[in-house]
Amino acid sequence: MPVDFNFMVGGEAGQGVQSVGFLLAKVFARGGYHVFADQDYESRVRGGHNFFRVRVSDGRVGAIAEDLDILIALNRDSIELHQVELAHGGVVIFDGENIKDTGDNASLFSVPLERLARERAGDRVMNNTVALGAALALVDYDLEILNNLLAEYFGKGKIAENNIEAARAGYEYAQAERKGSIRRLRPVSNIKRMLLTGNEAISLGAIAAGCKFMSAYPMTPASSIMEYIAAKSEDFDLVMVHAEDEIAAVNMAIGAGYAGVRAMTATSGSGFCLMVEGIGLAGITETPVVIINAQRPGPAVGLPTRTEQGDLQFVIHAHHGDFPRAVLAPATIEGAFWVTVKAFNWAEKYQLPVIILTDHYLASSYATVAPFDLAQVTIDHGPLFSVKDDEPSEYMRHRITPSGISLRAFPELSKALVVTDCDEHDEEGHLTEDAGERTAQVQKRLRKMFSLRQDVSQPQLYGSKKANTTLIGWGSTYGAIHEAVDMLRRDGASINLLHLDELWPFPAEIVADVLSTAHNSYVIENNATGQLARLIKAETGRDVSGKILKFDGRPFTPAYVAEAVRKEGC
Amino acid sequence: MVTLSDYAGLQPTWCPGCGNFGILKALNKALVELEIEPHRVLLVSGIGQAGKLPHYTRGNVFNSLHGRPVPPSIGAKIANPELVVIAVSGDGDAYGEGGNHFIHAARRNHNITYLVHNNQVYGLTKGQASPTSDAGFITKTTPYGATNPVNPVALAIVSGASFVGRGFAGDDEHLSSLIKQGITHRGFSLIDILQPCVSFNHKNTYSWYRERVYKLEDESGYDPDDKKAALEKAQEWGERIPIGIIYRKELPVYEDQLPALRKGPLVRQEIDPGRAEKLFAELM
């Protein structure tokens, strides 16, 4: 019987929800399982209600499931809010000595978490580790894997030893008091996979692609990219500047790109608002730059720790005037790595701003991913000035060419002077108001879109080429929609999925082609107005037959998508 | 050998008599005397009449957005510390639109030189008040008179700049020497330049300044190393206006603290995607 087992850790901020959730995810990843985990938390440091869901499977998983098999409830709210999500036979682990009057319910399994933590590990704060041990006992998992992990996580010494003891106390208590496991989950293989977030995948992609400079200003959910890059800056010879604001951040990255290194910045929607001037600066000066926008619900501060896909139309159009750009939206955590590599190549090859559009869900969710094959990472700088072939005194940064792409030279590396201007400029880069030169430069820049368009990959078409119903998604919703398609096909529906992760230039032909064959076509988007549907209409002239939209700040689940599609009709 | 002809750029479009001519002359002279070849210089300017200066000399040029010459200067300097990076602004660019960058670049002490053409008025947009216009200065946007001006010299000192000088566009010999010292100083050097605007500022004219400016180096006993004295000197404005080095201190330079730069300029380092392999294990 296939394994599809779901945990949730719930509690207040400060109770260790994130730590326990992460350790739970990692302990199963180490046992050879595929894992997907997401985080739901409030914008506060203490209190409130947070949870961390961990899905464990023996096949690939790319989304969270709704039914819980084990709920670790570190506070009363977690029981009251999530008990209804328990699957048949599901169990709630809670501390009955602290949370009383919970009623009589066979699913409730009281473990004296605080008492065991105090008695066995010397401090009640380790009650969450006791719960972790108890949860593993209920699935008969190998405690040794957790012990090794705790030793690594907390470092050698007393804290690690106490946590190991706390986990053992929970494990032994559950074994003794709840006879027989609810499901046997033994380690399945020695296959080594990484457990990483979307932001970590992007950071790895940037490092592999040779990003040498990042400047950014902290903003949820993008900050962990800054932190990761800063932590690796010494080992990987790169620089991360914590700028004074997002305006400085994007302009610094553009300065570094002009000087010849691969550079990026990362932010979320309202930080991106401040960066908009940089999009046009990179556009007219033809400077490569990669800008990551990890979306959260807007407008303005919106819901700071939640997810949304509300910035699609914004990032495609942000800034005034006509100039080329590219917008990529990774569909999976693994895809986030490859999309980032592509973004750096496109930025240099076409000398323009490339925007990577993710969201809180993708940025902060974890998935198990096989190590990336770095031999597949190619570095394409586009055409460069070379002292061997080119005469420095004749160098012109914005020379008119048939492709619109001019040679890039870098200041100080040769005698070629690299001149550019955010005013309209002539081929040399000096400002001009000449009508002919203006027209020629605008056309030159726009010509780059022709070759860029050829570089856009075909969107993924999951399922049969022709189907009665086509679902259309973009970005982080891939996992949930993909699984919903499987569910609906098991019900006998003729359904497929067209999923876009390269959104600009828009792959209009294939989208129009698929839409022309489907009887029903529904966009599925984490926003309130169907921004992809509008883009499809604008680029193909075609209407979709329906929109399944969610804008409560929470991600789609496969079951939610499947139910919504059934309601629309398929 | 570097000569002034190496720095002969396009024909300026400034008004005849503009203070910018003196600044351009002083900058070219400084670069020649320091024997810096044009390809080693990066001039990053903003928007305003000052922002056009890089086109009228020679070098690498990044003419950036209004208020923003400092951030791209920082990015370029970190990417290639071999570059002599000079940011060029007007008073609106530096102290209005770019105020935040000014404060923080000074605080972090990036190794760049910042020339601010301070004519106390907006020239390019034709005569509106600037952040440094004298109180009471009447313009179309300040019909009841400009409010209190920002004091860029004092602001730079309290923000942590390690070199703060003031020059006068009407004395290009003195200004050139100041620019040379700013370029050779390691750390963030501000040179605020009093620049008469012959078209829109009929108050702070060449003769107005000539009656008032005096050189700090001619004052016996002034020590630019003394922050308290420098702050006091920074307040002096009116009958007498000091020019020269107001504050100078050797302080840790931002770029010196970056381990990645120890192996040489980032722009000369090769890319090896395979190096990322060693990050995988810690995620397993």
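Shown above is the structure to which this text applies.
Structural notes, computed from the coordinates. What you see is a predicted model; the values in this text were computed from it and never measured.

Conventions we followed
All residue numbers refer to positions counted from 1 along the written sequence of the respective chain. Chains and ligands are labelled sequentially in the order written, the chains with letters from A and the ligands with numbers from 1. A pLDDT threshold of at least 70 governs which residues receive local features in this predicted model, and a stricter bar of 80 or more applies before side-chain atom pairs are shown or counted, although totals over entire chains, interfaces and linings include all residues. Helical segments are the DSSP runs of H or I of at least four residues, strand segments are the runs of E of at least two, and each set is numbered from the N terminus. Our radius of gyration is a C-alpha quantity, and the globule rule it is checked against amounts to 2.2 Å times the number of residues to the power 0.38. With C-beta atoms placed from the backbone, the exposure class of a residue follows from how many other C-beta atoms lie within 10 Å of its own: 20 or more, buried; 12 or fewer, exposed; in between, partly exposed. For the purpose of contact definition, each residue receives a C-beta atom placed from its backbone, and two residues are in contact when these atoms lie within 7 Å. Paired strands are those between which DSSP finds at least two bridges. Only the contacting stretch of a helix is used when fitting its axis, a line to C-alpha atoms as for every element, and angles between N-to-C directions run 0 to 180 degrees. These descriptions rest on fixed angle ranges, namely under 35 degrees for roughly parallel, over 145 for roughly antiparallel, 65 to 115 for roughly perpendicular, and the rest for oblique. Residues were grouped as follows: Ala, Val, Leu, Ile, Met, Phe, Trp, Tyr, Cys and Pro as nonpolar; Asp, Glu, Lys and Arg as charged; and all remaining residues, including Gly, as polar. Looking down the strands as they point away from you, a crossover is right-handed if its path from the first strand over the helix to the second goes clockwise.

What follows deals with the overall build of chain B. Per the secondary structure count, chain B includes eight helices and eight strands. A globule of 284 residues ought to have a C-alpha radius of gyration of about 19 Å, and chain B, at 20 Å, matches this closely. Sorting the 284 residues of chain B into buried and exposed places 51% on the buried side. Residue pairs in contact within chain B that sit at least 24 positions apart in sequence constitute 70% of those at least 6 positions apart.

Along an α-helix, residues three or four apart share an orientation, since each turn contains 3.6 residues. Residues and elements named next belong to chain A. Across the eleven residues that make up helix α7 (residues 198–208), a large majority, eleven, are buried. Considered for burial, the residues of α7 that qualify are Gly 198, Asn 199, Glu 200, Ala 201, Ile 202, Ser 203, Leu 204, Gly 205, Ala 206, Ile 207 and Ala 208. Directly after α7, the chain includes Gly 210, whose backbone phi takes a positive value near 85°.

Let us now look at the pairing of strand β2 (residues 60–63) of chain B. Alternating positions in β2(B) separate into two faces, B:Asn60 and B:Phe62 on one and B:Val61 and B:Asn63 on the other, with burial throughout. For strand β15 (residues 419–421) of chain A and β2(B), the ladder comprises three bridges, and the chain directions are parallel. Along β2(B), the bridge assignment pairs A:Thr420 with B:Phe62. As paired strands, strand β1 (residues 41–45) of chain B and β2(B) are joined by four bridges and run parallel to one another. Looking at the pairing, B:Leu43 lines up with B:Val61 of β2(B).

Residues and elements named next belong to chain B. Relative to the helices and strands, Leu 124 is located in the loop between β4 (113–118) and α5 (152–159). Note: C-alpha distance between Leu 124 and Gln 49 (75 residues apart in sequence) is 5.7 Å. Filtering out sequence-adjacent residues up to four positions away, Leu 124 remains in contact with Gly 48 and Gln 49.

Let us look at the sheet that holds strand β21 (residues 546–549) of chain A. All names here are of chain A. On the basis of which strands lie adjacent, the open sheet formed by five strands has the order β16-β18-β17-β20-β21 and mixed pairing. At either end of the open sheet lies a strand with only one pairing partner, and these are β16 (460–462) and β21. On average, adjacent strands in this sheet sit at an angle of 20° to one another, irrespective of strand direction.

Bringing the packing of helix α16 (residues 508–517) of chain A against helix α17 (residues 531–540) of chain A into the picture now. Residues and elements named next belong to chain A. The N-to-C vectors of α16 and α17 enclose an angle of 100°; their axes lie 10 Å apart at closest approach. The orientation of α16 with respect to α17, classified from their angle, is roughly perpendicular. Within the contact between the two elements, α16 uses Ala 508, Val 511, Ala 512 and Leu 515 and α17 uses Ile 536, Glu 539 and Thr 540. The residue makeup of the contact of α16 with α17, split by class, is five nonpolar, one polar and one charged.

Here we come to the pairing of strand β9 (residues 239–242) of chain A. Residue and element names in this part refer to chain A. As paired strands, strand β8 (residues 211–216) and β9 are joined by four bridges and run parallel to one another. By the bridge assignment for β9, Ala 216 is matched with His 242. Read from β8 through helix α8 (residues 223–232) to β9, the crossover connection turns out right-handed.

As a further point, take the sheet that holds β9(A). Sheet strands pair via backbone hydrogen bonds, and the direction of the pair is either parallel or antiparallel. Residues and elements named next belong to chain A. Across the sheet, which stays open at both edges, the seven strands sit in the order β9-β8-β10-β11-β13-β12-β19 with mixed pairing between neighbours. Looking along the sheet, the strands with just one partner apiece sit at the ends: β9 and β19 (502–504). Direction aside, the axes of adjacent strands within the sheet are offset by 20° on average. Strand direction decides the pairing type here: strand β11 (residues 289–295) and strand β13 (residues 353–359), joined by seven bridges, are parallel. In the strand pairing of β13, Asn 293 is matched with Leu 357. Contacts between helix α9 (residues 246–259) and the sheet are confined to β8, β9, β10 (262–267) and β11, with β10 contributing the most and set at about 165° to the helix.

So, on to the interface of chain B and chain A. In this complex, chain B contributes 46 residues to the contact, which on the side of chain A involves 55 residues. Listed by contribution, the elements that provide at least two residues to the side of chain B that touches chain A are β2, α2 (70–79) and α4 (99–108) of chain B. At eight residues, α2(B) tops the list of elements feeding residues into the side of chain B that touches chain A. Taken together, the residues of the side of chain B that touches chain A break down into 25 nonpolar, 14 polar and seven charged.

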